Amino acid sequence: MTRVAVNGVTGQMGHAVLAAAGDADVVVGFATSDADAVDGVPVVHPADAADALAEYDVDAVVDFAVPEGALTVAEACAEAGVPIVVGTTGFDEDGMARLKDVSESVPLLKATNFSRGIQVLQRLVREAVGTLDEYDLELVETHHNRKVDAPSGTANTILDVIQSERDVEPVYGREGHAPRDEDEIGVFARRAGDVRGEHELLLAGDDEVLSLSHRAEDRGVFAAGALDAAAWLVGRDAGWYSFGEVVDA
């Protein structure tokens, strides 16, 4: 059984990971809140993560926090020699560089989405964009009203896949007189209610429309995938890993 620490344990995804933990044993959580425990799991401040990783004999960390808290715990993992699965999004260039530094010391798996369906969607997007190379592209994502980064990390990942196949320039929303350029892709972020996550790529040609989409019905999908990734990561060499490698295993 994998002994797991959860960074961001008091958040929505932290609770989802606790609920999804079956074959994993969540032994400690990290959070900046005043909570002493969540569902019986002790809570430690991220600043004390390195000591806690050793004290609780943690095999791997699952992270769903905010960028600065994620970096604090990731660097504690590097110090303690513990693999980490990073689900936090919204890192700036410096933050990504710091994560890369961590991956030189321990196994680090970074993903914007831990849904197996999203992994398949990315592969379909690559094939569709490469094949329908003259079709117009529009990308739309929808998330709950508390999400702070836009577009979502998953949308940015899909955009990366698209740009690896076609030279398109993202236009983030449109307003006023805004004729469409043939080499652009519209990217739109919607925030409403408690939507778990919806992503759709529209490909439109003359008299024909293809829509590739994915909708998550429950956060448990992401939590279960992250726990699978944590178990898969234990015992691997230091380096940078992707969730696609877990899906293909």
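Rules used in this analysis
- Residues numbered from 1 in each chain as written.
- Predicted model: local features only at pLDDT ≥ 70, side-chain atom pairs only at ≥ 80, totals over all residues.
- Heavy atoms only, no water.
- Helix = DSSP H or I, 4+ residues; strand = E, 2+ residues; numbered from the N terminus.
- Buried < 20%, exposed > 50% of the residue type's maximum accessible area, 1.4 Å probe, protein only.
- Contact = heavy atoms within 4.5 Å.
- Pairing = 2+ DSSP bridges.
- Salt bridge = Lys/Arg side-chain N within 4 Å of Asp/Glu carboxyl O.
- Expected span 1.5 Å × (residues − 1).
- UniProt positions renumbered as here; feature names shortened; annotations may be inferred.
- Polar contact = N/O pair within 3.5 Å; in protein donor to acceptor, adjacent residues only side chain to side chain.
- Patch = residues over 30% accessible without salt bridge, like charges linked within 9 Å, V, L, I, M, F, W, Y side chains within 5 Å.
- Areas by Shrake-Rupley, 256 points an atom, 1.4 Å probe, with all protein chains shown as cover.
- Lys, Arg positive; Asp, Glu negative; His and termini not counted.
- Charge placed at Lys NZ, Arg CZ, Asp CG, Glu CD.
- Phe/Tyr/Trp six-rings, centres within 6.5 Å; stacked < 30°, edge-to-face > 60°.

## Let's talk about the side chain of S103
Next up, step 1: Here S103 shows up in helix α4 (residues 93-103).
Next up, step 2: Residue classification places S103 among the buried positions, given a relative accessible area of 8%.
Next up, step 3: If we skip the residues at most four places from it in the chain, S103 touches L108, A238, G239 and W240.

## Quick look at the sheet that holds strand β6 (residues 84-86)
Next up, step 1: In spatial order, the strands read β3-β4-β2-β1-β5-β6-β7-β13; together these eight strands make up an open sheet with mixed pairing. Single-partner strands in this sheet number two, and they are β3 (37-38) and β13 (239-241).
Next up, step 2: When strand β5 (residues 60-63) meets β6, the two strands line up parallel, connected through three bridges. Counterpart to V61 in the pairing with β6 is I84.

## Observations concerning the pairing of strand β4 (residues 41-44)
Put simply, side chains in a regular strand alternate between the two faces of the sheet.
Next up, step 1: Examined bridge by bridge, strand β2 (residues 24-30) and β4 share two bridges and lie parallel to one another. Across the sheet, G29 pairs through a bridge with V43, a residue of β4.
Next up, step 2: As consecutive antiparallel partners, β3 and β4 are separated by two residues, and within that stretch D39 has a phi angle of approximately 50°, a positive value.

## Let's talk about the pattern of salt bridges
Working definition: two side chains of opposite charge can pair if their charged atoms are close together.
Next up, step 1: Counted by the stated rule, this structure contains 16 salt bridges.
Next up, step 2: Between R191 and E141 there is a salt bridge, with the nearest N and O atoms lying 2.8 Å from each other. Taken together, the residues R191 in strand β10 (residues 184-191) and E141 in strand β8 (residues 136-143) connect sequence positions 50 residues apart.
Next up, step 3: Take E141: its relative accessible area is 0%, and that puts it in the buried class.
Next up, step 4: Connected through shared salt-bridge partners, D136, E138, R174, R180 and E184 make up one network.

## With respect to helix α6 (residues 153-165)
Next up, step 1: Over its 13 residues, α6 runs 19 Å from end to end, which matches the ideal 18 Å to within 8%, given 1.5 Å per residue.
Next up, step 2: Buried residues of α6: G153, T154, A155, T157, I158, L159, V161 and I162, and no others.
Next up, step 3: Where α6 is buried, its residues meet α5 (116-131), β8, β9 (169-172), β10 and β11 (198-205).

## Focus: the UniProt feature "binding site: (S)-2,3,4,5-tetrahydrodipicolinate" (unreviewed entry) in the protein
Next up, step 1: Feature annotation in UniProt assigns "binding site: (S)-2,3,4,5-tetrahydrodipicolinate" (unreviewed entry) to the following positions: H144, G153 and T154.
Next up, step 2: The topology assignment puts H144 in the loop between β8 and α6.
Next up, step 3: In this view, H144 contacts Q12, R191, A192, G193, D194, V195 and R219; residues no more than four positions away in its chain are not counted.
Next up, step 4: Of the polar contacts made by the side chain of H144, one reaches the backbone nitrogen of K147; its length is 3.3 Å.

## Quick look at the UniProt feature "domain: Dihydrodipicolinate reductase C-terminal" (unreviewed entry) in the protein
Next up, step 1: UniProt's entry tags residues 117-246 with the feature "domain: Dihydrodipicolinate reductase C-terminal" (unreviewed entry), counted in the numbering of this structure.
Next up, step 2: Taken as a whole, residues 117-246 contains 35% helix and 30% strand, while its terminal C-alpha atoms sit 13 Å from one another.

## Some words on a negative patch on the surface
Next up, step 1: A surface patch of like charges, here negative, comprises D133, E134, D167, E169, D181, E182 and D183.
Next up, step 2: When you line up the elements, E134 lands in the loop between α5 and β8.
Next up, step 3: Here E134 falls in the exposed class, since its relative accessible area comes to 72%.

## A word on the packing of aromatic side chains
Next up, step 1: Overall, the coordinates contain three aromatic pairs when judged by the stated rule.
Next up, step 2: Look at F64 and F114: their rings are 5.7 Å apart centre to centre, the planes differ by 80°, and that puts the pair in the edge-to-face class. Residue F64 is found in the loop between β5 and α3 (67-80), and its partner F114 is found in the loop between β7 (107-110) and α5; the two are separated by 50 residues along the sequence.
Next up, step 3: Residue classification places F114 among the buried residues on the basis of a relative accessible area of 2%.
Next up, step 4: Ring centres of F114 and F243 lie 5.4 Å apart, and the angle between their planes is 70°; on these two criteria the pair is classed as edge-to-face. You can see F114 sitting in the loop between β7 and α5 and its partner F243 sitting in helix α8 (residues 243-248), a full 129 residues away along the chain.

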